[in-house]
Amino acid sequence: MNIMIYGFMMSDMPSANRVWREYLRSKGFKKYLIPDSCPNCYTVKDFCTDHPIGTYILGIDGSSSGHVVVVKNGNYYDSWDSG
């Protein structure tokens, strides 16, 4: 089943946080929380350095709606510089 069908079944857009989270959970993805205490904040760039191999989806809560970034083999892919 693809993410579009999940959105339809949940009566929401596929880009809605609850839809893509449930979709990824159904595909075996696991959720882990990283402390976000500053002044020593853990950045996306730090995560990339610490995880040079693999594919990760990072949920960034920098805004009220949140933001999603993909990390693949130590490189992040985003619509803006979230490093």
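Residues numbered from 1 in each chain as written. Predicted model: local features only at pLDDT ≥ 70, side-chain atom pairs only at ≥ 80, totals over all residues. Heavy atoms only, no water.

## A short note on the pattern of salt bridges
The criterion, for reference: The salt bridge definition used is simple: a Lys or Arg side-chain nitrogen within 4 Å of an Asp or Glu carboxyl oxygen. When accessible area is computed with a 1.4 Å probe and restricted to protein chains, residues below 20% of their type maximum are described as buried, those above 50% as exposed, and intermediate ones as partly exposed. Helix and strand labels come from DSSP, where a helix needs a run of H or I of at least four residues and a strand needs a run of E of at least two; each type is numbered from the N terminus.
Scanning the model with the defined rule gives 2 salt bridges in all. With a closest N to O distance of 3.2 Å, aspartate 12 and arginine 18 form a salt bridge. The class of arginine 18 is partly exposed, set by a relative accessible area of 43%. For the salt bridge of glutamate 22 with arginine 25, the shortest nitrogen-to-oxygen distance reads 2.7 Å. In this pair, glutamate 22 and arginine 25 both sit in helix 2 (residues 17-26), 3 residues apart, roughly one turn of the helix.

## Some thoughts on the sheet that holds strand 3 (residues 75-77)
Worth spelling out the cut-off: Any two strands with at least two DSSP-identified bridges between them are counted as paired. Angular values range over 0 to 180 degrees, each being the angle between N-to-C directions of two axes fitted as lines to C-alpha atoms, with helices fitted over their stretch in contact.
Reading across from one edge, 1-2-3 is the order of the 3 strands in this open sheet, with antiparallel pairing throughout. At either margin of the open sheet sits one strand with a lone partner, and together these are strand 1 (55-60) and strand 3. If you compare each strand with its neighbour and ignore which way they point, the axes differ by 30° on average. As defined by bridge partners, strand 2 (residues 67-72) adjoins strand 3 across 3 bridges and the pair is classed as antiparallel. Bridged to valine 70 within strand 3 is tyrosine 77.

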